[in-house]
Amino acid sequence: MIRLYLALLIIGTTWGFTIPLTRISVSTGYHPFGLIFWQQVVMVVLLTVLAHWRKLPFPSLAKNPVLLVGIALLGTIIPNSFSYWAAAHLPAGIMSIVIAIVPMFALPVAMSMGFERFELRRMTGIALGAVAMVLIAGPETSLPEGTEVFFLLIALIAPFCYGLEGNFVLWRGAGGLHPIQMLWGASVIALVLSGALMLGTGTQLEVNGLTVVELAIAGSAVFHVIAYTGYLWLVGQAGSVFASQVAYLVTSSGVLLSMILLGERYGLFVWIALALVLLGITLVQPRQTSEVSTPSE
């Protein structure tokens, strides 16, 4: 079990690292479409290598168009566009807390689609997430002076999309694809779509060297692939309940790394909001006792 907890720590911290890297990526005013395009370039290259190493055939985009386009839109194009926009105006630590409320959006959607039943405990978790957002948006928080609450609302679009994405995949089915195949196919589509948006809006991102910003763009893509594939491995080794604990580490490490790397500091209400969100995640998680909590060899 020690190696599983170590893997959990590494995966969560790696994922959390992408949040301050995103803040650095948008610091020079790069347009979201350009950022998305170049990150998808890195992801497609890495996933191609990973799929070849795992001996996974590349999926036919024509056979799974609705599934892959849906994942590309709900998992990359729409949430990243708004997330990058918000990240240019909000502290990375705040973004770390906001992104943690994905389960609190996913649950009501799942209930409306008949995938989940009403439970008072889980609804309480959703309420705690809402209170946390009010605390962040309210007066006396550590939002930068002059920052409009509007950008907090923009940031909330990303976790909402991720909540929709999970339910969409559950509704549509994986179509017999391995998660790495799904991510590869969706990344290829996202690459094409973001490239078209980038060229159509004249917002090309010209890479003229390897500055801190360019390294942050590439690093966030690399870390995302590492964290996601690591998460899939952890689910296979210890089950989804154990692996779901990564959410706590992503948020906590995202806040901590933002303080270390970016020098951010937060007010009391933000720390209370963080505690409420972490508690809300605990309450929203389903009770599953059928899974083994030891690694499957």
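In this convention, every chain numbers its residues from 1, walking through the sequence in written order. Given that this is a predicted model, residues contribute local features only at a pLDDT of at least 70 and side-chain atom pairs are listed and counted only at 80 or more, while totals for whole chains, interfaces and linings are drawn from all residues. Neither water nor hydrogens contribute to the side-chain values; these are computed over all heavy atoms in the structure.

1. Describing the nonpolar core
Logical step 1: Put simply, a nonpolar core is a bunch of buried Ala, Val, Leu, Ile, Met, Phe, Trp, Tyr and Cys residues held in one set by side-chain atoms that sit within 4.5 Å of each other. Working definition: with a 1.4 Å probe on protein chains only, accessible area under 20% of the residue-type maximum means buried, over 50% means exposed, and in between means partly exposed. Ranked by internal contacts, the top residues of the largest apolar core, which has 65 residues, are Met95, Ile97, Val98, Met133, Ile136, Leu234 and Val277.
Logical step 2: Counting residues in hydrophobic clusters, the runner-up holds 16 residues, among them Val44, Leu56, Val188 and Ala221.

2. A closer look at the packing of aromatic side chains
Logical step 1: When the centres of two rings from Phe, Tyr and Trp lie within 6.5 Å, Trp using its six-membered ring, the rings pair. Their planes under 30 degrees apart give stacked, over 60 give edge-to-face, and anything left gives tilted. A complete count under the given rule lists 11 aromatic pairs for this structure.
Logical step 2: Ring plane angle 80° and centroid distance 5.6 Å describe the contact between phenylalanine 105 and phenylalanine 160, whose orientation is recorded as edge-to-face. Of this pair, phenylalanine 105 sits in helix 5 (residues 102-112) while phenylalanine 160 sits in helix 7 (residues 149-172), and the two are 55 residues apart along the sequence.
Logical step 3: Taking 5.8 Å as the distance between ring centres and 75° as the angle between the ring planes, the aromatic pair formed by tyrosine 266 and tryptophan 271 counts as edge-to-face.
Logical step 4: Site record: aromatic cluster; members linked through ring pairs are Phe82, Trp85, Phe150 and Phe151. Secondary structure elements follow DSSP: runs of H or I no shorter than four residues count as helices, runs of E no shorter than two count as strands, and numbering proceeds from the N terminus.

3. Looking at the environment of glutamine 181
Logical step 1: Within the element layout of this structure, glutamine 181 appears in helix 8 (residues 179-201).
Logical step 2: Glutamine 181 sits in the buried class, given a relative accessible area of 9%.
Logical step 3: Considering only alpha carbons, one finds glutamine 181 and threonine 48, 133 residues apart in sequence, at a separation of 9.2 Å.
Logical step 4: Here, two residues are considered to be in contact whenever any of their heavy atoms come within 4.5 Å of each other. Beyond its immediate chain neighbours, meaning those up to four positions away, glutamine 181 contacts Leu56, Pro57, Pro59 and Gly176.

4. Some words on the pattern of salt bridges
Logical step 1: The working definition used for a salt bridge is a side-chain nitrogen of Lys or Arg within 4 Å of a carboxyl oxygen of Asp or Glu. Counted according to the given criterion, the structure contains two salt bridges.
Logical step 2: One salt bridge connects arginine 122 with glutamate 116, and the closest N-O pair in it is separated by 2.8 Å.

5. Regarding the environment of isoleucine 217
Logical step 1: Inspection of the secondary structure assignment puts isoleucine 217 in helix 9 (residues 212-238).
Logical step 2: Taking the C-alpha atoms as reference points, isoleucine 217 and valine 26, separated by 191 residues in sequence, lie 8.9 Å from one another.

6. Some remarks on the confidence of the model for the chain
Logical step 1: Confidence of the predictor in every single residue is expressed as pLDDT, which spans 0 to 100. When pLDDT is averaged across the chain, the result is 85; 90% of the residues are at 70 or more.
Logical step 2: Confidence, expressed as mean pLDDT per element, reaches its minimum in the chain at helix 10 (residues 240-243) with 70 and its maximum at helix 3 (residues 65-87) with 93.
Logical step 3: Across residues 289-297 the pLDDT falls below 50, and counting only partners more than four positions away or on other chains, this stretch makes 15 contacts in the model.

7. Regarding unusual backbone geometry
Logical step 1: Backbone geometry at lysine 55 places phi at a positive 60°, although glycine is not the residue there.
Logical step 2: For lysine 55, the location among the structural elements is in the loop between helix 2 (32-53) and helix 3.
Logical step 3: Looking at lysine 55, the relative accessible area reads 74%, which means it is exposed.

8. Overview of helix 11 (residues 246-262)
Logical step 1: Its 17 residues place the ends of helix 11 23 Å apart at the C-alpha level, agreeing with the 24 Å of an ideal helix rising 1.5 Å per residue.
Logical step 2: Along helix 11, the residues classified as buried are Val246, Val250, Thr251, Ser253, Gly254, Val255, Leu257, Ser258 and Met259.
Logical step 3: Among the residues trailing helix 11, glycine 263 stands out with phi positive, at a value near 70°. Given a helix with a known number of residues, its expected span is that number minus one, times 1.5 Å.

9. Things to note about the side chain of asparagine 64
Logical step 1: Residue position: asparagine 64 is located in the loop between helix 2 and helix 3.
Logical step 2: Overall, asparagine 64 belongs to the buried group, its relative accessible area being 15%.
Logical step 3: Asparagine 64 has contacts with Gly175 and Leu177, leaving out every residue within four places of it along the chain.

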